[in-house]
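Chain residues, written in single-letter form:
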Number of protein chains: 2
Amino acid sequence: PGKKVLIVYAHQEPKSFNGSLLKIAVEELSKQGCSVTVSDLYAMHFEPRATRNDIVGHLHNSEAFNYGVETWEAYKRGGLSKDLIEEQKKVQEADLLIFQFPLFWFNMPAILKGWMDRVLVQGFAYDLSKAYDGGLLQGKLSLFSFTTGGSQEMYSKEAISGDIRYILWPMQHGIMHFCGVKVLEPHICYAPENVSEEKRKEMLTAWTQRLKTLWKEEPIDCSPDWYFK
Amino acid sequence: PGKKVLIVYAHQEPKSFNGSLLKIAVEELSKQGCSVTVSDLYAMHFEPRATRNDIVGHLHNSEAFNYGVETWEAYKRGGLSKDLIEEQKKVQEADLLIFQFPLFWFNMPAILKGWMDRVLVQGFAYDLSKAYDGGLLQGKLSLFSFTTGGSQEMYSKEAISGDIRYILWPMQHGIMHFCGVKVLEPHICYAPENVSEEKRKEMLTAWTQRLKTLWKEEPIDCSPDWYFK
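Quick caveat: nothing in here was measured; it's all calculated off a predicted structure. (Residues numbered from 1 in each chain as written. Chains lettered and ligands numbered in written order. Predicted model: local features only at pLDDT ≥ 70, side-chain atom pairs only at ≥ 80, totals over all residues. Heavy atoms only, no water.)

Draft legend 1. Representation of the overall build of chain A in the model. Each helix and strand counted, chain A has seven helices and six strands in total. The globule rule puts the C-alpha radius of gyration for 229 residues at 17 Å, and the 18 Å found for chain A is close to it. With the C-alpha coordinates of chain A rotated into their principal frame, the extents come out at 60 × 40 × 30 Å. Residues counted as buried form 56% of the 229 residues belonging to chain A. If you sum the accessible surface of chain A, you get close to 9600 Å²; carbon and sulfur atoms cover 52% of it. Taken together, the 26 basic and 29 acidic charged side chains of chain A have centroids lying 4 Å from each other. (Helix = DSSP H or I, 4+ residues; strand = E, 2+ residues; numbered from the N terminus. Rg over C-alpha atoms; globule rule 2.2 N^0.38 Å. Buried < 20%, exposed > 50% of the residue type's maximum accessible area, 1.4 Å probe, protein only. Areas by Shrake-Rupley, 256 points an atom, 1.4 Å probe, with all protein chains shown as cover. Lys, Arg positive; Asp, Glu negative; His and termini not counted. Charge placed at Lys NZ, Arg CZ, Asp CG, Glu CD.)

In structure tokens form, the structure reads like this:
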């Protein structure tokens, strides 16, 4: 109650299974008294490309464009583009970040990767010696909630697609942990397109149930052992 | 000689270190008699967002938009957008795909992820039971060539960022291997922005040298052992 949640959502279709998961999260968390903000990336036509347009006004070095340096400098002088400042404000205010998306190619869809690339700039999310447990977004929680095309059996250690945790390393450790954000257990709905209507309903109910006690959960130990042990 | 190479390049600045690596690859491979095509994603303003715009004409199911189903159906009837058909043609003709990019957040930049998401659609790159060694792009080679911000020491098994191979799993195995493409050893230039001019020159020379004997290389064994052993 009173907690602030930002849901960054990457699906084109409100009637999709991802759309249902989003709706459940908004309803359940609001019911708990949380303040919920949604960044609906496709609906916002969110720009995933990291370009010179992200910097308002002059460049630090216009001879050779370096995105990392330019956004860092622009952040410091308040010179990032309006869409980035707005997203950063939402992140800053949030106690919990939920990422809701369908897994595309063992990873998040490009539009969501673009949100990570452009919003989490140096100076805002991390800094020279401020990374991992010292990252600038300390005190926040994150949760990756996604659907897969493949079945759970395909994502086991001995199966061809390997343990699903292998896929989580770049997202959870490489991005969230790097920024100092604690990571809750991921929420994975396997192959909702290939299961029965009954099974789909069970998956939706499981998400509602999990959200009811979400604030009591302990973050995972985001170290190689969790992913590769 | 006579081989066809597609370089998918994702950097905004031709004068960057990635730009130099691209230039070297184009020159060296052309010198060998290869035919080299470059998809310069930022220069092309390549669209990374997977949307309804990728399908020309009617939708298979306009009630609820499903990107995977719609692009599969559109592919079969030749109804994908022009930019995708052009990229698919380049892929189809290539013997070798080189991806040249700076590592962003333990992964490729969003613009390149968008290329993967949109170009490698079902029916073209894989199909129902045609994945991994049975993928539809069999007979091709791929090579991920990228720069990092962090040093080589930071990407070791015992260090905080973990083995660099952990990061390669989703890209090399989850995308290329999934499509039936063999994977050559990655080419990694660590922290070019933080080393001496001399060291940078050495890295460029090493790339030229590697390219001279590239066609004699054996693909890696793209299984969990290579990544997590």
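Draft legend 2. Structural context of the packing of helix 3 (residues 82–93) of chain A against helix 4 (residues 110–119) of chain A. Residue and element names in this part refer to chain A. In the contact formed by helix 3 and helix 4, the axes pass within 10 Å of each other and the chain directions differ by 90°. By the angle between their directions, the pair helix 3 and helix 4 is classed as roughly perpendicular. Contact with helix 3, carried on its side by Asp 83, Leu 84, Glu 87, Gln 88 and Val 91, involves Trp 115, Arg 118 and Val 119 of helix 4 and no other residues of that element. Of the residues contributing to the contact of helix 3 with helix 4, the split by class is four nonpolar, one polar and three charged. (Axes fitted to C-alpha atoms, helices over the stretch in contact; angles between N-to-C directions. Parallel < 35°, antiparallel > 145°, perpendicular 65-115°, else oblique. Contact = heavy atoms within 4.5 Å. Nonpolar A, V, L, I, M, F, W, Y, C, P; charged D, E, K, R; others polar.)

Draft legend 3. Representation of the relation of the copies chain A and chain B in the model. By a simple turn and slide, chain A fits onto chain B: the slide is 0.0 Å along the axis, the RMSD is 0.0 Å, and the turn is 180°. Taken together, the rotation angle and the small translation identify this as a two-fold axis. Closest to the rotation axis within chain A is the C-alpha of A:Ala110, separated from it by 2.4 Å. Both copies present the same face, since 100% of the interface residues in chain A are matched by interface residues at the equivalent positions in chain B. (Least-squares fit on C-alpha atoms with pLDDT ≥ 70 in both.)

Draft legend 4. Region of interest: the confidence of the model for chain A. Summing up the model confidence of chain A, the mean pLDDT is 97 and the portion of residues at 70 or higher is 100%. Model confidence for the complex is summarised by a pTM of 0.98, with the ipTM given as 0.97. (pLDDT = per-residue confidence, 0-100.)

Draft legend 5. Quick look at the side chain of A:Lys140. Residue and element names in this part refer to chain A. Summarising the element assignment, Lys 140 is placed in the loop between helix 4 and strand 4 (141–147). An unpaired buried charge is present at Lys 140: no salt bridge exists, and Asp 95, the closest side chain of opposite charge, is 6.3 Å distant. Residues contacting Lys 140, with those up to four places away along its chain left out, are Val 91, Gln 92, Glu 93, Ala 94, Asp 95, Val 181 and Lys 182. (Salt bridge = Lys/Arg side-chain N within 4 Å of Asp/Glu carboxyl O.)

Draft legend 6. Structural context of the pattern of salt bridges. Scanning the entire structure with this criterion turns up 26 salt bridges over all chains. Of the charged contacts, one joins A:Asp54 and A:Arg118 as a salt bridge, the two residues approaching to 2.8 Å between their closest N and O atoms. Placement of A:Asp54 in the loop between strand 2 (35–40) and helix 2 (67–76) and of A:Arg118 in helix 4 is noted, with a sequence separation of 64 residues between them. Each member of the pair, A:Asp54 together with A:Arg118, is buried. Ionic pairing is found between B:Lys23 and B:Glu27, a salt bridge with its closest N-O pair at 3.6 Å. Of this pair, B:Lys23 and B:Glu27 both sit in helix 1 (residues 17–31), four residues apart, roughly one helical turn. One salt-bridge network, held together by shared partners, links A:Glu28, A:Lys31 and A:Lys212.

Draft legend 7. Structural context of the interface of chain A and chain B. Between chain A and chain B, the residue contacts involve 46 residues of the former and 46 residues of the latter. Roughly 4000 Å² of surface becomes buried between chain A and chain B when both sides are summed, with 63% attributable to carbon and sulfur atoms. Taken as a group, A:Arg49, A:Trp105 and A:Phe106 account for 21% of the area that chain A buries against chain B, more than any other trio of residues on that side. Here chain A and chain B share zero salt bridges between them. Listed by contribution, the elements that provide at least two residues to the side of chain A that touches chain B are helix 4 and helix 5 (164–176) of chain A. Of the residues in the side of chain A that touches chain B, the class split is 27 nonpolar, 11 polar and eight charged. (Buried area = accessible area lost by both parts, 1.4 Å probe.)

Draft legend 8. Quick look at the nonpolar core. In terms of nonpolar packing, the biggest core is built from 113 residues, with A:Trp115, A:Met116, A:Leu120, B:Trp115, B:Met116 and B:Leu120 touching the most fellow members. Those residues in contact with A:Leu120 that sit more than four places away from it in its chain are A:Trp115, A:Ala125, A:Tyr126, A:Leu137, A:Ile175, A:Met176, A:Cys179 and B:Trp105. Core analysis: the next-biggest nonpolar cluster, separate from the first, contains 21 residues, A:Ile7, A:Leu22, A:Leu29 and A:Leu204 among them. (Core = buried A, V, L, I, M, F, W, Y, C linked by side-chain atoms within 4.5 Å.)

Draft legend 9. Just the pairing of strand 4 (residues 141–147) of chain B, in detail. Residues and elements named next belong to chain B. A large share of strand 4 lies buried, amounting to six of its seven residues. Two strands pair when backbone bridges link them, and strand 3 (residues 96–102) and strand 4 are joined in this way by seven bridges, in the parallel orientation. From the neighbouring strand, Leu 97 faces strand 4, where its bridge partner is Ser 142. What joins strand 3 to strand 4 is helix 4 (residues 110–119), and the crossover it makes is right-handed. In this sheet, strand 5 (residues 182–183) lies alongside strand 4 in parallel orientation, the contact comprising two bridges. When the sheet's bridge partners are listed, Ser 142 is paired in strand 5 with Val 183. Pairing of strand 4 with strand 6 (residues 187–189), which is carried by three bridges, proceeds in the parallel orientation. Paired with Thr 147 across the bridge in strand 6 is Cys 189. (Pairing = 2+ DSSP bridges. Right-handed = clockwise from strand over helix to strand, strands pointing away.)

Draft legend 10. Quick look at the pairing of strand 1 (residues 4–9) of chain A. Residue and element names in this part refer to chain A. The buried count for strand 1 comes to five of six residues, which makes it a mostly enclosed element. Bridge analysis of strand 1 against strand 2 gives six bridges, and the strand direction is parallel. The residue of strand 2 that forms the bridge with Tyr 9 is Asp 40. The β-α-β motif built from strand 1, the intervening helix 1 (residues 17–31) and the parallel element strand 2 has right-handed crossover chirality. Across five bridges, strand 1 lies against strand 3 (residues 96–102) in parallel orientation.

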